[in-house]
Amino acid sequence: HKSLANIRDFEIGLRPGEKRSFSRDVFFISGRRSKYISTRHLSTISDLFPKYRMVTIKDAGHWVHAEYPAETAQYCQMFLDRDT
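Scoring rules and cut-offs
Residues numbered from 1 in each chain as written. Predicted model: local features only at pLDDT ≥ 70, side-chain atom pairs only at ≥ 80, totals over all residues. Heavy atoms only, no water. Salt bridge = Lys/Arg side-chain N within 4 Å of Asp/Glu carboxyl O. Helix = DSSP H or I, 4+ residues; strand = E, 2+ residues; numbered from the N terminus. Buried < 20%, exposed > 50% of the residue type's maximum accessible area, 1.4 Å probe, protein only.

Kindly report on the pattern of salt bridges, identifying the contributing residues and their values.
Under the counting rule described, the total for this entry stands at three salt bridges. For Lys-51, the salt bridge identified is with Asp-25, shortest N-O distance 3.6 Å. Here Lys-51 is found in the loop between α2 (42-48) and β2 (52-57), whereas its partner Asp-25 is found in the loop between α1 (4-8) and β1 (26-31), with 26 residues between them in sequence. On the accessibility criterion, Lys-51 (45% relative accessible area) is partly exposed. Overall, Asp-25 belongs to the partly exposed group, its relative accessible area being 22%. A salt bridge links Asp-25 to Arg-82, with the shortest nitrogen-to-oxygen separation between them at 2.6 Å. On the criterion of sequence distance, the pair formed by Asp-25 in the loop between α1 and β1 and Arg-82 in the segment after α4 (69-81) is long-range, its members being 57 residues apart. Because the salt bridges share partners, they merge into one network encompassing Asp-25, Lys-51 and Arg-82.

Right, dumping it as structure tokens:
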């Protein structure tokens, strides 16, 4: 993908204490049983991605898309169809 370099180098070139944020819409889908996104991460997510949206699937673990493919597709479609 043409934006891969920008994503990969997001934090490169920053001075200590300097923060960068991504100003476009970002969508997270988390599984409540996963430890990869927890409430302690929300302030960092908000700092880096101020326009983020998140849904949590209560019975899912880390592999949300594999455990709940229909729900994952539905939430992704809702995000893509939203009014911006």
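Once you've had a look at it, read on.
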